[in-house]
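# Descriptive analysis of the structure
In case you want the letters, here they are:
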Amino acid sequence: MEDKYVVTLEGELDTSAAAEVEKKLQELYNSNGKDVFIDCTHLDYIASSGLRILISILKGAKASGSKVVLQNVNEDIMSVFKLTGFVNLFEFE
C-alpha cells in the first residue's frame, strides 16, 4: 500500500479547468493519513479557484494528520502563493 499520493498539475489551473481538476482530485480531500505531493513543474498559471482546490486538499490532509507538499513551483506561481499568504500554509520542495 502506498503511503502517499502523488499528483501532477499541468498548464493553467484557471476557473474553466477547476471543475474538472476538482472532480479528479476529490479523493484527496480525505487523504486518510497519507501525505500528498503535488508536482507543479508544468503548472503555468493558477487562479483563485485553483488555490481553493489546494486549500481543500490541505484541510483534509491536516484533519487526518498528513501534509501537502508542493514540488517544483515556478517563480510566477510562487509569487501568487506569497501574495495571498498561502506560502505559509504549504510545504515546498
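Summarised in this report is the structure supplied together with it. Predicted model only: the values in this text are computed from it and were never measured.

## What to know about the overall build of the protein chain
The helix and strand inventory of the protein chain stands at 3 helices and 4 strands. Listing each helix as α and each strand as β along the protein chain from the N terminus yields β-α-β-α-β-α-β. Here the C-alpha radius of gyration of the protein chain, 12 Å, is about what a compact globule of 93 residues would show, namely 12 Å. For the protein chain, the spread of C-alpha atoms along the three principal axes comes to 35 × 25 × 20 Å. For the protein chain, with 93 residues in total, the buried portion stands at 43%. Of the contacts made within the protein chain by residues no fewer than 6 positions apart, 76% connect residues no fewer than 24 positions apart. Total accessible area on the protein chain is roughly 5,400 Å²; 48% of this is exposed by carbon and sulfur atoms. With 9 positive and 15 negative side-chain charges, the protein chain shows a separation of 7 Å between the mean positions of the two kinds.

## Side note on the packing of helix H1 (residues 15–24) against helix H2 (residues 48–63)
Relative to each other, H1 and H2 sit at 20°, their axes nearing to 8 Å. When the interaxial angle is binned, H1 and H2 end up roughly parallel. Contacts from Thr-15, Ala-18, Val-21 and Glu-22 of H1 reach H2 at Ser-49, Arg-52 and Ile-53. When grouped by side-chain class, the residues that make up the contact of H1 with H2 number 3 nonpolar, 2 polar and 2 charged.

Rules behind the numbers
Residues numbered from 1 in each chain as written. Predicted model: local features only at pLDDT ≥ 70, side-chain atom pairs only at ≥ 80, totals over all residues. Heavy atoms only, no water. Helix = DSSP H or I, 4+ residues; strand = E, 2+ residues; numbered from the N terminus. Rg over C-alpha atoms; globule rule 2.2 N^0.38 Å. Buried < 20%, exposed > 50% of the residue type's maximum accessible area, 1.4 Å probe, protein only. Contact = heavy atoms within 4.5 Å. Areas by Shrake-Rupley, 256 points an atom, 1.4 Å probe, with all protein chains shown as cover. Lys, Arg positive; Asp, Glu negative; His and termini not counted. Charge placed at Lys NZ, Arg CZ, Asp CG, Glu CD. Axes fitted to C-alpha atoms, helices over the stretch in contact; angles between N-to-C directions. Parallel < 35°, antiparallel > 145°, perpendicular 65-115°, else oblique. Nonpolar A, V, L, I, M, F, W, Y, C, P; charged D, E, K, R; others polar.

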